[in-house]
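Observations on the model geometry
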Amino acid sequence: MRWANRVVLSLALAAVAAVPGALAAQGAAGRITGTVVDSTSGQPLVGANVVVVGTRLGAATNTEGKYTIGGVPAGTHELRFQRIGYAPLTQSVTVTAGETVTANFQVRAQSVQLESVVSVGYGTQSRRDVTGSVASVTMDALHQAPIQTVDQMLQGTAPGVQVTTASSEPGGALTVRIRGTSSITGNSEPLYVIDGFPIENDMDDVAAGDAGRTRTTPPNPLETLDPSDIESISILKDASATAIYGARGANGVVIITTKQGRGTTPKFTLDAYTGLSNVAKRYDLLNAKQYMDYANLYGQGSSTPFTPFPDSVYNAIMSSGINTDWQDQIFQTGVTNNLQLSVNGATSASNPTRYALSGGYFDQGGVVIGSGIRRLSARLNVDQSFGDRLQFGGTVTAAQARTKATPTAGQQNGNAGAVSAALQYVPILPVKRPDGTFSYIFTDLNAYNNLLNAPTTDNPVALATQVLDSLSDSRLLSNFYGSADLTRDLTLKVTLGADYANRWRNTYYPRTTLRGSQVNGEAIRGAATTTSWLNENTLTYQHDFRGTQDVTVLGGYTRQATSLDGTSMDNTNFVNDITGYFDIGAGTQTGGPSVSSRNTSQTLESWLSRVNYSLLDRYLLTLTYRADGSSRFAANKKWGAFPSAAVGWRASSEPWFKVPDVTDLKFRLSYGLVGNPSIKPYQSLARLNNQGYSFGGTPTAGYYVDAVGNPNLTWETTRETDGGMDLTMWNRVTFTGDVYNKRTSNLLLQVNLPFETGFESALANVGAIQNRGVELGLDADLVKGGNSNAFNWHTNLEFAKNRNKVLSLGGQTQIFADAITTDYNLPGTLVMVGQPLGVFYGYKSAGVIPDSAAAAAIPWKNFSGKAFAAGQMKILDLNGDSVVDAGDRTVIGDPTPDFTYGWTNTFDWKGFQLTGLLEGQHGGKILNVNRIRTESSPRANISVDRYLDAWTPTHTNAKFPAIGENPDQVGPNDFTDNLLESGAYLRLRTVTLSWALPQRLIKNRGFSNARLYVTGTNLFTATNYTGFDPDVSSESVSNLNRGIDIGAYPLARTFTTGVTVNF
Amino acid sequence: MRNPTHTIRRAVPVLLAGALLAGCQDKSFLTENPQDFVAPTNFYKNENDALSALTAAYATFVDQNSPLSNSDYFGRNLFMLIEYPTEVTTSRLSATNERSLIGDFHIQFSSSHSYLQTVWEAAYHGINRANTVIDRVPSIPMDTVRRAQIVGEAKFLRAMHYYFLAGLFGGVPLKLHETQTINGANTARASAADTWAQIEKDLTDAAAVLPTSWPAGDFGRATKGAALTLLGKAYLQSASTGGSAGDFQKAVDAFHQVETLGYSLDPNYASLFDGTNEHSKEIIWSMQNVEVDGAGGYLDQWFAPLTSPSIYQAGAQNQFQAERPFYDSYNPNDIRKAGTWLTSFVNDGKTVTWSWTSGIQSSSQYGSTGPVPRKYLDFNAPSNGAGGIDYPYLRYADVLLSLAEAIDDVSGPNAEAYSLVNQVRARAKVPPMTAGLSQQVFKDSLYVERRFELAMEGHGVFDMRRDWEFAKGRVEANMAQMKTLNKSPFTSSVEKYDARPIPDKWKLYPIPVTACELNPLLTQNPGWDDGVCKASTGQ
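Not measured: the values here are computed from a predicted model.

1. Some thoughts on the overall build of chain B
- Across its full length, chain B holds 18 helices and 8 strands.
- Per-residue burial over chain B gives 61% buried out of 539 residues.
- Element-wise, carbon and sulfur atoms account for 52% of the exposed surface of chain B, whose accessible area totals about 18700 Å².

2. Digging into the packing of helix H2 (residues 47-58) of chain B against helix H5 (residues 114-136) of chain B
Residue and element names in this part refer to chain B.
- Interhelical geometry of H2 versus H5 gives an angle of 160° and a closest axis separation of 8 Å. In this view, H2 runs roughly antiparallel relative to H5, as classed from their interaxial angle. At the point where H2 passes H5, the crossing takes the left-handed sense. Residues Ala-53, Leu-54, Ala-56 and Ala-57 of H2 lie in contact with H5, whose contacting residues are Arg-129, Ala-130 and Val-133.
- Here the residues of the contact of H2 with H5 are counted per class, giving 6 nonpolar, no polar and 1 charged.

3. As for the interface of chain B and chain A
- Each partner contributes to the interface: chain B provides 79 residues, whereas chain A provides 73 residues.
- Across the chain B to chain A interface the summed buried area is about 6100 Å²; carbon plus sulfur atoms make up 64%.
- When residues of chain B are sorted by the area they lose upon contact with chain A, Phe-29, Leu-30 and Glu-32 of chain B head the list and together hold 13% of the total.
- Inspection of the region where chain B meets chain A yields 0 salt bridges.

4. Details of unusual backbone geometry
- Phi is positive for Leu-616 of chain A, which is not a glycine, with a value near 55°.
- Within the element layout of this structure, Leu-616 of chain A appears in the loop between strand E27 (594-615) and strand E28 (619-630).

5. Describing the pairing of strand E38 (residues 761-765) of chain A
All names here are of chain A.
- Within E38, 4 of the 5 residues are buried, leaving the element largely enclosed by the surrounding structure.
- For strand E37 (residues 748-752) and E38, the ladder comprises 5 bridges, and the chain directions are antiparallel. By the bridge assignment for E38, Leu-748 is matched with Asn-765.

6. Focus on the pattern of salt bridges
All names here are of chain B.
- In total, this model carries 62 salt bridges over all chains according to the counting rule given.
- One salt bridge in this structure joins Lys-155 and Asp-205, with 3.0 Å as the shortest N-O distance. Of this pair, Lys-155 sits in helix H6 (residues 144-169) while Asp-205 sits in helix H7 (residues 192-209), placing them 50 residues apart in sequence.
- Among the residues examined, Lys-155 registers a relative accessible area of 15% and is labelled buried.
- Under the relative-accessibility criterion, Asp-205 is labelled partly exposed at 25%.

7. Here we look at the environment of Asp-779 of chain A
Residue and element names in this part refer to chain A.
- Among the secondary structure elements, Asp-779 is positioned in strand E39 (residues 768-783).
- For Asp-779, a relative accessible area of 5% puts it in the buried group.
- Between the C-alpha atom of Asp-779 and that of Phe-582, which follows or precedes it by 197 residues, the distance is 55 Å.
- A polar contact of 3.0 Å, which involves the side chain of Asp-779, links it to the side chain of His-794.
- Side chain to side chain, Asp-779 and Asn-796 meet in a polar contact 2.4 Å long.

8. Focus: helix H17 (residues 468-484) of chain B
All names here are of chain B.
- The terminal C-alpha atoms of H17, which comprises 17 residues, lie 24 Å apart, in line with the 24 Å expected from a rise of 1.5 Å per residue.
- Restricting attention to buried positions, one finds in H17 the residues Trp-468, Ala-471, Lys-472, Val-475, Asn-478, Met-479 and Met-482. Along the axis of H17, the buried positions cluster into a sector of 125°, meaning they face one direction only. Along H17, exposed side chains directed more than 90 degrees from the buried face belong to Glu-469 and Thr-484.
- Looking at the buried positions of H17, the neighbouring elements they touch are helix H11 (324-328), helix H15 (439-454) and helix H16 (460-466).

Rules used in this analysis
Residues numbered from 1 in each chain as written. Chains lettered and ligands numbered in written order. Predicted model: local features only at pLDDT ≥ 70, side-chain atom pairs only at ≥ 80, totals over all residues. Heavy atoms only, no water. Helix = DSSP H or I, 4+ residues; strand = E, 2+ residues; numbered from the N terminus. Buried < 20%, exposed > 50% of the residue type's maximum accessible area, 1.4 Å probe, protein only. Areas by Shrake-Rupley, 256 points an atom, 1.4 Å probe, with all protein chains shown as cover. Axes fitted to C-alpha atoms, helices over the stretch in contact; angles between N-to-C directions. Parallel < 35°, antiparallel > 145°, perpendicular 65-115°, else oblique. Left-handed = near helix turned anticlockwise from the far one by under 90°. Contact = heavy atoms within 4.5 Å. Nonpolar A, V, L, I, M, F, W, Y, C, P; charged D, E, K, R; others polar. Buried area = accessible area lost by both parts, 1.4 Å probe. Salt bridge = Lys/Arg side-chain N within 4 Å of Asp/Glu carboxyl O. Pairing = 2+ DSSP bridges. Polar contact = N/O pair within 3.5 Å; in protein donor to acceptor, adjacent residues only side chain to side chain. Expected span 1.5 Å × (residues − 1). Arc of directions from axis to C-beta.

Distances and angles like these do not, on their own, reveal function.
Below, the structure is given as structure tokens:
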């Protein structure tokens, strides 16, 4: 296998290397020179490339927008201008030997994506020649609004990319799904490649521990990257595009390119903004009076009637004035400050040193007190040319992000975070008792009447202000390269890079918190260091055969080795809280502190190749082949082969194609095989466990094989077909459409083994999932003015629909995800053959029974085996056994949206620009677990709706059942579709108004450009969802248990003002 | 400016060298070498590793790591399957309790009984651990004598698991190598003859390499005597349940060899089971228990009388009691009665005594109203699963009685046979057996003698199946008698002892249905068809 790969590649490379000899001999030469200016502003354009089509000749423009190309053979040439963010332009020039001919370009800024150069992995390609499904986001689009992390940028900007917020807290994780979820147990996040370096980004791996809390969403692994450093992002979606990343391509690939040096004189940019955030939406909960009224009604409606707040108590509380709005207590106005200074340029025109240097500071305060993040980052990109054939360069990025991970989001009861606790704490409790200690609902509410059965949830203010939970991410990412043009057509590039990422998390629960008070303070420290080395060696051959054929052949060999080393420790019983986690050894835990450590390493070795072939500018072919050898694959399956092929046909270039309105029309078709290396290191190996026995009364240690190895464990395999078209009309409207069918097999699941093996189960490759979908993108200059003061209107519309279906589970028919909460033991989402991944499973209800006649008409019994009564929720008996029981549960909802969309509009007029992104989703259910508390018993606070719209004999057309025990009439560990809500929403995600100061105001002050802007984020959301935010998946970043809201951190509405200055 | 061509001439080799250097193949680049856990790749390297693997194979008997629990095998479920069916002991629970189903030959007992699965699973778990030793140790560089002994010990353990499986279920799938992959995991049942032949082979191999004794600190390891004793028992069991009659003589030969190894009956019967005499000359092989959670015995909890407060931290459950007709049938002088059953003990400084009519907690489901097993009770056990008293499974009295039985099967009772039985009876302080019995009556008498001598030691249903018609009749008669005594010792059920005839399908237990669901090749035993396992083929 390996040898075969190498032989094939060697032959291909040898063939490629032999070609240059056949190049046409050169005749006498002339020069081309000229200036490139922006047609709108009239400003010279720096760093633009002008190339002679069909040759390697070309030059970049200097600060005056001037370029000169020497050594151009005499004759007529096509001269092409290219620069990201501008429409390419081609013109003919005739060069006479020994003469200089002038060719000026007037170019226009253009965000129509089709006309840019895009990163395709191990190289770039002209957008118009791309045969796979590749979306790209340019820096112009990226910097219209302040953005905190890279993955946020993907939201609403590219069809087929679904970004879901796992936690809105500063530094919180997002989940990104490209073309749906295609794994059950594996990582489904796309592969991120930053400046050519593939980043290990498995969010399931809570490397530095969870601070002793269950099910907290892990922090965002991309938070160390400053978005302002980014030049462009490419999103590789179909298998043809991602196959160059082989075994890591199945979830899509996001290629991030940071800013490079260009031009000659230094260009400084200062970007500063400040923002204020507030909670966008709150729960409407009862005040003290309403709460006590509700509690008394509830007491009367209970099987053991009681009055928790008799008149004397009621009046005393009312006159005490205690009426705590717990949401007020924990929410705050969060302040965000960002400052970035960068400089880029080049030293000289001939053998330039190009550089881009930046430093950034970012500080975001959360909308919940106690939460926040601060990031410091620095980056240097350097390239040095030695003549025009040799280049060395490198990138170094260093960043540290410190997150205050104080428990704000989280579950209920003992695991509650401040948000969930604030929804539960009742308004009749003060924040602090008269003696200065924090109130505690379990003791303080039960003191009124212990039939209230208050939960063991800690005080929200204590959680937010007392717990020390600090998380630090440091990352040093560096990648160096050397590149040599061995011949005119053949380039060798060797890179060596290292990614060093360190994360630690230190937590202390002092005595002022419930948890700390129970163990006299608890300190937890966790640390993990990941180091990854990368070496890549590629040979690229590119040749244009006299304008009729264009061939690019890439061959390469890469190696990556990654190791992780982690430790954690936990201690309790501190003499006092003074030293917190800093002196963890001071704790005197019985039996000593608990400590653990772990270590894993993994390696990846790959051969890769790609051929791009273009014939007559209209028949396009891309072939890709990558062989990945991964240590994570089992002994018999170390190597996997990932081929793909794609064809494109530019119909508009056919001689017979005579549709004047159509500027460009291209059809694409691709098929490929890619993998998801969901296996974690060592998972294919057998594992020993110890079990002792005694001989002659002496205990003796023993080791046995506890988990059987699977020497055939391998990657999850995705086969994907994609058909697409790209259409450009009138040079101003671009339409892109794709349909795809993605089938993933070899899913990694635990399968049961015959008992005779000595084992119960083992990890194996079984099962299959399908994702099918449609993606549409429309990009248009609706109004295009002729000059800089004219009115321009640019619009971009994205639409994506993905249908997910579980095809097989290797013989099993269904698998339940882990219980949704540790507090309620609710069954998790269900994976069932024939259904989408992770559907909700529970009882169906049919509204509140209005009166006794309607109740009597229900022939079946309720969950308690009794007849239904008026005021109860009607639960359906689906299996017809005349009683509501566990057999009546069914699939009641799917968290995956039917379709998602995004609409960006940009208006320009006289230096003013107004741009806004509307995005949303249709369909998709959310399980709002918070409502279990806010709509049932007065052990926690209750929503106003629940109280006012409850069934009573006089209010029979009610949304909610009568106030009393178990209103839904199902068992305690189940739920009905009442808890499911529509996750559909339409949101004005961002709107930005900016003003580019006129040149006359800034020119004499040393500025070249200055821009002031004000941005509003999340100003408006249309949704029926009753929780903080329908874009939520608070339970998990994994593939199951999505669309669940348990004490999720609320969405922030942010106003930002900023300035960008170039000088 | 430097000539670019010159520069490139120097730079390119550097780049190429870098690329080639990286491309140099070291074959181990993709090999996984875990460091933070023990894996086969970093284990089985030396004598310590070999001994550790062997220890874990022994530990199957006390293991409580998932998927096993210490009640799955000899800690309860295997023991219940073996002991409940005889007339010696009862579960004392209501008729439809899953435990009662076993001793009552209940119509509801089926292949889905959970104990069948746990015993099946635990035995194969133990077999796999033994296979690991047998497969891996021979290539470990170490002292060759000790190495052969380690493999011999593992073969003894493997044979014992197969002995239990064959005695309970008949022929079973023969797994003779460690499971190293999940492919091809399904194996069909071997014939009973092949299964017994494998047991014979393992024990013969083991007997050839094992020493006759170990130093005190290694007590509990398999010895030559243990291998030969189990071999003799296997021949006897096989020959008596449809196997080759020639095996009776092989049994005689094996037991005769054991006689030469220096074992003797201990004058103090009770001391063999109370922790005071665990290394007696009578003990050939015993399961080793220490008062350490996870390495101790679990039967205590199921034997111990229910008192308030419980004598055990987590509460005794007392699910074994003497059956009254059997209890009443002891010779009054028989020292084995007091050595086997408990009717009083000291708790919190007070002596607690009970009888058939005055239960300690008769209102409780677990109330003890009759004598409970005395054997293995450890009143100092720190917790459940940490009983410190060894379970003697192979002891010399069994050898003497089994040899007598084998001689009887070969040639009818001769003087040697009577002498063997009477050695055992003399130690028990009961009169000698009178000579002149027929071959069958002698065999029947041995069945009865074994009940008194070996009660609660894990031999019951095996003995029953060797003398099926007699034993069946005796158990049925006992049940009829129990029915008339239905007030005691059990608390709840009249239906329980319904004196129902015992169907002959009970000559074998059914293959657990869950095993068939996972391995479709398995066939069911006669009379136990369940619609899932393939129909019986008369194994």
